[in-house]
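# Results of the structural survey
The lines below spell out each chain.
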Amino acid sequence: MSWTSDPILVVDGLVKRFGGNVAVNQATLEVGRGTIVGLIGINGAGKSTLMNCIAGMYRADEGRVEFDGQNLIGLTPHEIAAAGIGRTFQVPRTFERLTLIDNLMIPMLNRPESEDELIALAEAGLAEVNLHDLKMNNGEELSGGQQKLLELARVMMLEPKLILLDEPFAGVNPTLCTLITDKILQMKEAGISFLLVSHDLTSIYRLSDHIYVLNQGEVICEGGVDDIRDDPKVVEAYLGG
Amino acid sequence: MSSILLYNALIGGLVFGAIYALIGASLNVMMGVLRVVNFAHGEFVLIGSFLAYSVFSLTGLNPLAALPVVAIAMFFGGVAAYYLLIPRLRYSDDAETSSFLLMFGVSLMLVSSITWIYGADIRPVNFSFDPVNIALLTVEDAYGKGRDGKVLVPTARLVALVINLAIIAAMTWFIYRTLPGKALRGAIMNRDAIQVVGIDIDRLSANAFGLAAALAGVTGVILTLVIPSVDPNGGAPLTLFAFIVIVLGGLGHPIGALLAGMLFGMVEQFSNVLLPQSAAQMVGFVMLVAVVMFKPEGLFGRKVMR
Amino acid sequence: MADLSQTAPTATGALGRGSDIKRQRRIRRAIWYALILAIVIWCAMVPVRDGNLSIYFAFMLGATMATGLNFVAGFTGYMPFGYVAFYGLGSYVTGIAVKLLGIPVYLAVPMGGCAGILLALAFAPTLRLSGIYFAIVSLSLAIILQRSIALMPEEITGGSLGMNIGVLTDRIQGYYAMLVVLVMALLTASWLAESRLGRSLKAIREDAEAADAMGVNVVRSRLYAWLVSAFFASLVGGVQAWFTGAFDTFTAFDVLVTAKAIIYAMAGGLGTVIGPVVGTVVLVWADELVWRAFPELNSFLLGLVIALLILFAPRGIIGTLIRRYPRLRNYFM
């Protein structure tokens, strides 16, 4: 059944309710080690809720989340981060009144390296996304696109094995979009796995090794890019409502 | 313990409860519609009291004569204060806490101004009704065998209670049955959504602030009948009571505040009778902490608002 | 900006960097320690040159309270409107220890500080509240503590007359004790700001959920800040009892103590190390000038300053300066 022989993340029968609303209903999916998995669906399909359940921001009502063989249910977000899952946010959540250097220091605070070594790492991280010249500026002084880049650099500092990317291309101009895509592919080369949420189908189709389609909280179909592109159910979910 | 004391506590509970209900409801209008935590609310009430005192001491009329003047003056004062203070708060990092501190500053200015105008002393409001007291019922053997006692209530307090209840009824009608009232409730439930349906949220907010200020002032006028004196430093305890009431009733729900106000009035009056003074003063705050920690949506839940 | 990724240096190439950051850190520290030294010399000389003890005591007290409040309000974003609870507790524990147990005052004050930590632990569950709920509950707890002390037997707390330990303590010693506590608070502040804990706290203040997702233990970090903050307020309460020799439930739990701590810290700039000190210097000095000229306007002007600050400079003197001239960040802690 499973499309991947070596899953790093297994979500099995996950349910999340808000009052009477079922936001995520029996969602089951897998992320293969070193792959990029796309999660698509219209607004309100439950993508962000599912993401938040994996990251520990919401507590799932039912189901199982396993990361590298470790059960994640009941762990707090910082424990999940320590386990090796990083995330970005749909709307960038920069630490606005911290300098860019300090923004990148935050994920590294639990590391044993000395202060100076961490600063060097943070500077290198900023250079990776071309924000090095602004290192002593505050987060609030960045443009929206630059904040997206900063988030990407920040999550890298966690040295995660898996990154949950929530709409990394939303509100980003085409040039920046290319840069972000390149970064993601670079990280994938380095062995990092991704769960990529977006409603921008073009970039999802370009990046993903496997795609899940979420509709009204349920996974309605899955498959490779070519399967999904032509699947009538996807077309219906996006157009028919 | 004489049962007369308990009857007095019951009536006192109604009288003060109605006052607290009104103070809490007006504070909650600001809280709910504007997200403004008005730490100067007690002083808003105090302005009403002092205006009533002025009317009384200048003309000798019943302090209630000040009601319409106070209502109108406070409404427009409130609208003006809104435009002066509140819109700028949107630019701060934490608007709610900022409003809290801002209004604390305003309360210091108001107390200081009132003291400057009227002096620091507590002034009596010696208006007396005829008869001064009304005997509501007779308790047999209240003071031992054969010595009956009467439950006497000051007429002024009864009058205050009646007027207060009338205002509460009018306010409830306004909120549930009139269009502006419905807009107000809509703004409390969802401030963003209401702008979409074409309501000018700035004007609504200004009017809500004015309305709440007017209600606070009117409560202050009524308060001079219940406690016949005015004290420039009397605002802070009222503010604290108002906070207790709105937390008990649910932050931002005017109707919850009405119920909670009555409840708090009762609890306060009975604790005054049954507990040592310092302990009685503590009860309300203990209730507040307990509710916030264990039932933050308030004692009556969200249904009250619907 | 075509393909920017090609111009990005590699991680190994960047490892030699950071010298400019270190240099800026040295400048910031030098300015800060010079300021502390200036304060120490200036304040230490006051009793010797027969200066006005009360004003300088008020300054040191205000600066310590503002700095202590900054640990929790500036670094984590909580506004403890009942901060005075710790101060009052410190006064009473110190007073009781000195008067009833015969403990020397220099030991009694640290006991008060420890009592403050215990109280902060007891109040720790309130840290899960947010925004205005936290502020209101904090204020309520301060009032409950005040009334509880008023309920205690008169032989212990002195009842409505309050406590008088003036015969057992020395005013000048109390003055210097305040200076010691101030310096402790200032050093703690600069240590905290540069520590990993301090960075976690600032991240939490900006966005607790994002900090959590970046591996910061939000609950634990907040608790540490809360305990440190409470400790200093309780020390100050104890030293205040030492200096003035007398207090009661109203002066020891006066909401204006909290208010002034908040205002001083805000005036200088919450979340900066230097801000609370700058704010206190400016406002105590202004207060003194105004008070001399128009005694009756004192609290009106305090209120006006609060309102103007919130409306026009919510980030305070230092915060506003830094926002306008970001380069200043290199010079101020």
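Anyway, here's the lowdown on the structure attached to this text. (Residues numbered from 1 in each chain as written. Chains lettered and ligands numbered in written order. Predicted model: local features only at pLDDT ≥ 70, side-chain atom pairs only at ≥ 80, totals over all residues. Heavy atoms only, no water.)

## A look at the overall build of chain A
Threshold: Numbering of helices and strands runs from the N terminus; a helix is a DSSP stretch of H or I covering at least four residues, while a strand is a stretch of E covering at least two. Only C-alpha atoms enter the radius of gyration; for comparison, a globular chain is expected to reach 2.2 Å times N to the power 0.38, where N is the number of residues. Burial classification: accessible surface area is computed with a 1.4 Å probe over protein chains only, and a residue below 20% of its type maximum counts as buried, one above 50% as exposed, and the rest as partly exposed. Contacts are residue-level and defined by heavy atoms, with any inter-residue pair within 4.5 Å sufficient. For every accessible area listed, the method is Shrake-Rupley and the probe measures 1.4 Å; residues are considered covered only by the protein chains on display. Only four residue types enter the charge count, namely Lys and Arg as positive and Asp and Glu as negative; His and the chain termini do not. We put the charge of a Lys on NZ, of an Arg on CZ, of an Asp on CG and of a Glu on CD.
Scanning chain A from N- to C-terminus turns up nine helices and ten strands. In terms of overall dimensions, chain A is globule-like: its C-alpha atoms have a radius of gyration of 18 Å, near the 18 Å expected for 241 residues. Overall, chain A is about 50 × 40 × 35 Å in size when its C-alpha atoms are taken along their principal axes. In chain A, buried positions account for 57% of the 241 residues. A sequence separation of at least 24 residues applies to 67% of the contacts in chain A between residues at least 6 apart. Accessible surface for chain A amounts to roughly 9500 Å². Of this, 47% is attributable to carbon and sulfur atoms. The average position of the 19 basic charges and that of the 34 acidic charges among the side chains of chain A differ by 3 Å.

## Remarks on the environment of C:Ala44
Residues and elements named next belong to chain C. Along the chain, the position of Ala-44 falls in helix α2 (residues 19-48). When its relative accessible area of 22% is taken as the criterion, Ala-44 is described as partly exposed. Once the C-alpha coordinates of Ala-44 and Ala-189 are considered, the two residues, 145 residues apart in sequence, prove to be 21 Å apart.

## Here we look at the sheet that holds strand β2 (residues 21-32) of chain A
Residue and element names in this part refer to chain A. As a reminder of what qualifies: By the convention used here, strands pair only if DSSP detects at least 2 bridges between them. Axes, fitted as lines to C-alpha atoms, cover a helix only where it is in contact. Angles between the N-to-C directions of the axes lie from 0 to 180 degrees.
One open sheet accounts for four strands, arranged β2-β1-β4-β5; its pairing is antiparallel. In the strand order of this sheet, the two ends are held by β2 and β5 (70-71), each with one partner. Both strand β1 (residues 7-18) and β2 contribute to a ladder of eight bridges, which runs antiparallel. Bridging across to β2, Phe-18 finds its partner in Asn-21. Contacts from helix α1 (residues 47-55) reach β1, β2 and β4 (62-67) within the one sheet, and its direction differs from that of β1 by about 115°.

## Notes on the interface of chain A and chain C
What counts, and what does not: Buried area, as used here, totals the accessible surface that two parts lose on assembly, with accessibility defined by a 1.4 Å probe and the loss added over both. Basic side-chain nitrogens of Lys or Arg form a salt bridge, by our definition, when they fall within 4 Å of a carboxyl oxygen of Asp or Glu. Polar contact is defined as a pair of N or O atoms within 3.5 Å, subject to the rule that within protein one atom must be able to donate a hydrogen and the other to accept it, and that residues adjacent in sequence are counted only when both atoms are side-chain atoms.
With 48 residues of chain A at the contact, the number on the chain C side is 43 residues. Carbon and sulfur atoms supply 56% of the area that chain A and chain C bury against each other, a total of about 3900 Å² over both sides. In this assembly, chain A and chain C are joined by eight salt bridges. When the shortest N-O distance is used, the salt bridge between C:Glu206 and A:Arg97 registers 3.2 Å. Summed over the shared surface of chain A and chain C, the result is 13 residue pairs in polar contact (both at pLDDT 80 or more). Listing elements by their share of the side of chain A that touches chain C, those giving two or more residues are α2 (77-83), α3 (100-105), α4 (115-128), α5 (144-156) and α6 (174-189) of chain A.

## With respect to the sheet that holds strand β6 (residues 85-87) of chain A
Strands belonging to one sheet form pairs held by backbone hydrogen bonds; the direction of such a pair is parallel or antiparallel. Residue and element names in this part refer to chain A. Pairing is mixed across the open sheet formed by six strands, whose spatial order is β6-β7-β8-β3-β9-β10. Pairing within the sheet leaves two strands with one partner each, and these edge strands are β6 and β10 (218-223). Each adjacent strand pair in this sheet contributes to an overall mean axis angle of 20°, direction not counted. Summarising the sheet, strand β3 (residues 36-40) and strand β9 (residues 210-215) pair through four bridges and their orientation is parallel. Its bridge partner being in β9, Val-37 is matched across the sheet by His-210. Those strands touched by α5 are β6 and β7 (162-166), and its axis lies near 160° from that of β7.

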